[in-house]
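Coordinates in review
Given next are the chains, with one letter for each unit.
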Amino acid sequence: SYLAAALLLHLDEYAAFEALANMTSKYHFAPHFRMEMKELEKHTRIFDFFFEEQLPKLFEHFKQIGVETTTYIIEWYLTCFSRSLPLDVICRIWDRFFLDGLPYLCRVGLGILRYFKKQLIVANFDRAMTLLTRLSDEHIDEEDLVHCIVRVKVSPHMMRAMLAGGAGSSSM
């Protein structure tokens, strides 16, 4: 597991296990590990809601070329970006993730799309999928990426309501 490996870089074995167990139970990871399609689809719909709201042209381009969110977002969420991004960036992301939870992962995903928007908006299906699934092959400026993430606005309150199936989820 990329999550476990990243944790083991900073913690002893027991602390890494404990952190991984807490992450899976507290931050909505369990459905991803169990591959519960209903929950995975809900998380994807929520991401798509904010994606379409914040990056409508890119969202439409992805629809036109056939890039579906599930093809990249499940891996991003499941590994908490530890497979996709450089370690120094992951550490910054995880610091904030432990404070904000899943809404921050959504912001990071949208921040990545914003960061690579110029490349993705002109990409065909193959190039878009290669970029989205092999971010580690790309040069990523940490400060620019963090700036893109900061610019993303995802209401934690709205996200929690959507996860609970309440307000806002019917509009997706």
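Structure shown above.
The structure reproduced in this document is the subject of the present report. (Residues numbered from 1 in each chain as written. Predicted model: local features only at pLDDT ≥ 70, side-chain atom pairs only at ≥ 80, totals over all residues. Heavy atoms only, no water.)

1. Focus: the overall build of the chain
A tally of regular secondary structure across the chain gives twelve helices and zero strands. The helix and strand sequence of the chain, counted from the amino end, reads α-α-α-α-α-α-α-α-α-α-α-α. In the chain, which comprises 172 residues, the proportion classed as buried is 46%. Sequence-distant contacts in the chain: of pairs separated by 6 or more residues, those separated by 24 or more amount to 72%. Approximately 9,100 Å² of the chain is accessible, and the part contributed by carbon and sulfur atoms is 55%. (Helix = DSSP H or I, 4+ residues; strand = E, 2+ residues; numbered from the N terminus. Buried < 20%, exposed > 50% of the residue type's maximum accessible area, 1.4 Å probe, protein only. Contact = heavy atoms within 4.5 Å. Areas by Shrake-Rupley, 256 points an atom, 1.4 Å probe, with all protein chains shown as cover.)

2. Some remarks on the nonpolar core
Counting 54 residues, the largest nonpolar core has Phe51, Tyr72, Leu85 and Leu113 as the members making the most contacts within it. If you tally residues by element for this core, the top one is helix H8 (residues 102-115), at eight residues. (Core = buried A, V, L, I, M, F, W, Y, C linked by side-chain atoms within 4.5 Å.)

3. Some words on the packing of aromatic side chains
A full pass over the atoms with the stated rule returns twelve aromatic pairs. Consider the rings of phenylalanine 49 and phenylalanine 50, whose centres lie 5.2 Å apart with planes at 85°: the pair is edge-to-face. Here the two residues phenylalanine 49 and phenylalanine 50 agree in accessibility, since each one is buried. Summarising the aromatic geometry, the rings of phenylalanine 97 and phenylalanine 98 are spaced 5.4 Å apart at their centres and angled 50° between planes, so their arrangement reads as tilted. What makes phenylalanine 98 partly exposed here is its relative accessible area of 35%. (Phe/Tyr/Trp six-rings, centres within 6.5 Å; stacked < 30°, edge-to-face > 60°.)

4. Remarks on unusual backbone geometry
The phi dihedral of cysteine 80 falls on the positive side, at around 55°, and the residue is not glycine. Along the chain, cysteine 80 turns up in the loop between helix H6 (70-78) and helix H7 (87-100). One non-glycine residue, phenylalanine 81, adopts positive backbone phi at about 70°. Summarising the element assignment, phenylalanine 81 is placed in the loop between H6 and H7. Relative accessible area serves as the criterion here: at 0%, phenylalanine 81 is assigned to the buried category.

5. A short note on the packing of H8 against helix H11 (residues 142-151)
Where H8 contacts H11, the two axes come as close as 8 Å, and the packing angle between them is 120°. In terms of axis orientation, H8 runs oblique to H11. H8 and H11 meet at a crossing whose hand is right-handed. Here H8 contributes Tyr104, Arg107, Val108, Gly111, Ile112, Arg114 and Tyr115 to the contact with H11, which in turn contributes Asp144, Leu145, Cys148, Ile149, Val150 and Arg151. Residues of the contact of H8 with H11, tallied by class, amount to eight nonpolar, one polar and four charged. (Axes fitted to C-alpha atoms, helices over the stretch in contact; angles between N-to-C directions. Parallel < 35°, antiparallel > 145°, perpendicular 65-115°, else oblique. Left-handed = near helix turned anticlockwise from the far one by under 90°. Nonpolar A, V, L, I, M, F, W, Y, C, P; charged D, E, K, R; others polar.)

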